[in-house]
Amino acid sequence: MTFEEAHELIKQTLPEKRYIHTLGVVETAERMAIQFGEEVEQARLAAMLHDYAKYFDVEEMRQVVVKEGLDPNLLEYGDELLHAPVGAILLSRQYDLDDAVLSAIRNHTTGEPGMSRLDQILFVADAIEPNRDYPGVDRLRAEAARSLEGAVVATLKQTIEFLLKKSVRIFPLTIETYNDFVNIP
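Residues numbered from 1 in each chain as written. Predicted model: local features only at pLDDT ≥ 70, side-chain atom pairs only at ≥ 80, totals over all residues. Heavy atoms only, no water.

Going by what an unreviewed UniProt entry lists, the protein is known as bis(5'-nucleosyl)-tetraphosphatase (symmetrical) and is assigned to Exiguobacterium sp.. Taken directly from UniProt, the Catalytic activity (unreviewed entry) text for the protein runs: "P(1),P(4)-bis(5'-adenosyl) tetraphosphate + H2O = 2 ADP + 2 H(+)". (UniProt positions renumbered as here; feature names shortened; annotations may be inferred.)

Here's what the structure looks like:
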């Protein structure tokens, strides 16, 4: 799948506000890929497709989790987590996409221990794209300008603190990812 094909697909799939967010993620992922020496076209493609399944029917996404044998814990946490792994599965079935791109899409909401640099770029770019406006986003942007791994840790920390303040359960993979990244020497 080319970037242009992905762009057309997303333009038709997402509502305007999410489409604008996606363009911001593409811009940010491209800049970060250049900064951190990663494949720019893969970063752009993963960013364009990252929210492909965001507005799919929740029950259908839950069925994909069961049918595909994805982590059953996904069904016990907020439905907000489903679109990333389900989107990666559905995109892999319908389009010719590199495994690295699919991995970045799959991991952009929860993270994963041992994430690739492309995974890290999309994870952070989604949190700091120019249209994001929440307390702490400027601090995350500043960290991303200094260190990719530092930005991943800061993004995970911000996410975990946000979820703690809301008194909601935190997906175990997010905690595992945080633990994995803070143990990097």
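Right, picking up where we left off after that structure.
*Asks:* Explain the pattern of salt bridges to me, using residue names and the numbers behind them.
*Replies:* Enumeration according to the criterion identifies twelve salt bridges in this entry. With its nearest N and O atoms 3.8 Å apart, the salt bridge here joins Glu-59 to Arg-62. Residue Glu-59 and its partner Arg-62 are located together in helix α4 (residues 58-67), separated by three residues, close to a single helical turn. We classify Glu-59 as partly exposed; its relative accessible area is 46%. A residue is classified by how much of its surface remains accessible, and Arg-62, at 22% relative accessible area, is partly exposed. Among the salt bridges present, the one from Glu-149 reaches Arg-117, with a minimum N-O distance of 2.9 Å. (Salt bridge = Lys/Arg side-chain N within 4 Å of Asp/Glu carboxyl O. Helix = DSSP H or I, 4+ residues; strand = E, 2+ residues; numbered from the N terminus. Buried < 20%, exposed > 50% of the residue type's maximum accessible area, 1.4 Å probe, protein only.)

*Asks:* For the packing of aromatic side chains, give the residues involved together with the corresponding values.
*Replies:* According to the stated counting rule, one finds two aromatic pairs in the structure shown. With centroids separated by 5.0 Å and ring planes inclined at 70°, the aromatic side chains of Tyr-52 and Phe-56 adopt a geometry described as edge-to-face. Assessed through its relative accessible area of 6%, Tyr-52 is described here as buried. Each ring, one from Tyr-77 and one from Phe-171, has its centre 5.2 Å from the other, and the planes form 90°; the classification is edge-to-face. Of this pair, Tyr-77 sits in the loop between α4 and α5 (83-94) while Phe-171 sits in the loop between α9 (148-165) and α10 (172-182), and the two are 94 residues apart along the sequence. Taken as a pair, Tyr-77 and Phe-171 share a single burial class, namely buried. Here Arg-169 stacks its cationic end above the ring of Tyr-77, 4.3 Å away from the centre of that ring. (Phe/Tyr/Trp six-rings, centres within 6.5 Å; stacked < 30°, edge-to-face > 60°. Lys NZ or Arg CZ within 6 Å of the ring centre and 35° of its normal.)

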